[in-house]
Amino acid sequence: MDANNNLQQSYFTVIPATVRKDNALSTNAKILYGDIVALANVNGYCYASNQYFAQSFGLTERSVTRLISKLEERGHIRVRIVRDKKTGLVTGRRIYPQFN
């Protein structure tokens, strides 16, 4: 179970004009950004998995991967991979919304 599933589902989604007016983004990418912002509200970052977003939006994980890559490419989010210090294995990721 994804840790972000523990959050209440009654949050607001905010999509700033810089994202809303970015014609290089699809509507799904813009809505995904809004969810990332809402889930980052507590810690300043979102740690939801692609599987979580795929289930939430009725998309494939691959589609979510492409949307996240596009948001990062356009400078609307920053993705940081979290690794175990001893083994170097990936233990998670943090998605930081960027407010331009």
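Because the structure is a prediction, the values reported are computed rather than measured.

1. A word on the pairing of strand β1 (residues 77-83)
In the sheet, β1 pairs with strand β2 (residues 90-97) via 7 bridges, with the strands oriented antiparallel. Each bridged residue has a counterpart across the sheet, and for V82 the counterpart in β2 is G92. Counted between consecutive antiparallel strands, the loop separating β1 from β2 contains 6 residues, among which G88 sits at a positive phi close to 80°.

2. Here we look at the pattern of salt bridges
Summed over all chains, the structure comprises 2 salt bridges. Ionic pairing is found between D22 and R74, a salt bridge with its closest N-O pair at 3.0 Å. Placement of D22 in the loop between α1 (17-20) and α2 (27-39) and of R74 in the loop between α4 (61-73) and β1 is noted, with a sequence separation of 52 residues between them. The class of D22 is buried, set by a relative accessible area of 7%.

3. Re the side chain of D22
A polar side-chain atom of D22 sits 3.0 Å from the main-chain amide nitrogen of A24. Only 2.7 Å separates the side chain of D22 from the side chain of H76, close enough to count as a polar contact. Sequence-distant contacts of D22, that is, excluding residues within four places in its chain, are made with K30, R74 and H76.

4. A short note on α4
The terminal C-alpha atoms of α4 lie 18 Å apart, and with 13 residues this matches the ideal 18 Å at 1.5 Å per residue to within 8%. Of the residues making up α4, those classed as buried are S63, V64, L67, I68 and L71. Angular distribution of buried residues about the axis of α4 spans 135°; they occupy a single face of the element. On its buried face, α4 is in contact with α2, α3 (50-57), β1 and β2. G75, located one to two residues past α4, shows a positive phi value of around 85°.

5. Structural notes on the nonpolar core
Nonpolar side chains tend to gather and get buried jointly when the protein is soluble and globular. L32, I36, C46, F53, L71, I77 and I95 are the most contacted members of the largest nonpolar core, which has 20 residues in total. In terms of residue count, α2 provides more of this core than any other element does, 6 residues in total. Setting aside its immediate chain neighbours within four residues, F53 contacts L32, D35, I36, L39, C46, A48, V64, R93 and I95.

What counts and how
- Residues numbered from 1 in each chain as written.
- Predicted model: local features only at pLDDT ≥ 70, side-chain atom pairs only at ≥ 80, totals over all residues.
- Heavy atoms only, no water.
- Pairing = 2+ DSSP bridges.
- Helix = DSSP H or I, 4+ residues; strand = E, 2+ residues; numbered from the N terminus.
- Salt bridge = Lys/Arg side-chain N within 4 Å of Asp/Glu carboxyl O.
- Buried < 20%, exposed > 50% of the residue type's maximum accessible area, 1.4 Å probe, protein only.
- Polar contact = N/O pair within 3.5 Å; in protein donor to acceptor, adjacent residues only side chain to side chain.
- Contact = heavy atoms within 4.5 Å.
- Expected span 1.5 Å × (residues − 1).
- Arc of directions from axis to C-beta.
- Core = buried A, V, L, I, M, F, W, Y, C linked by side-chain atoms within 4.5 Å.

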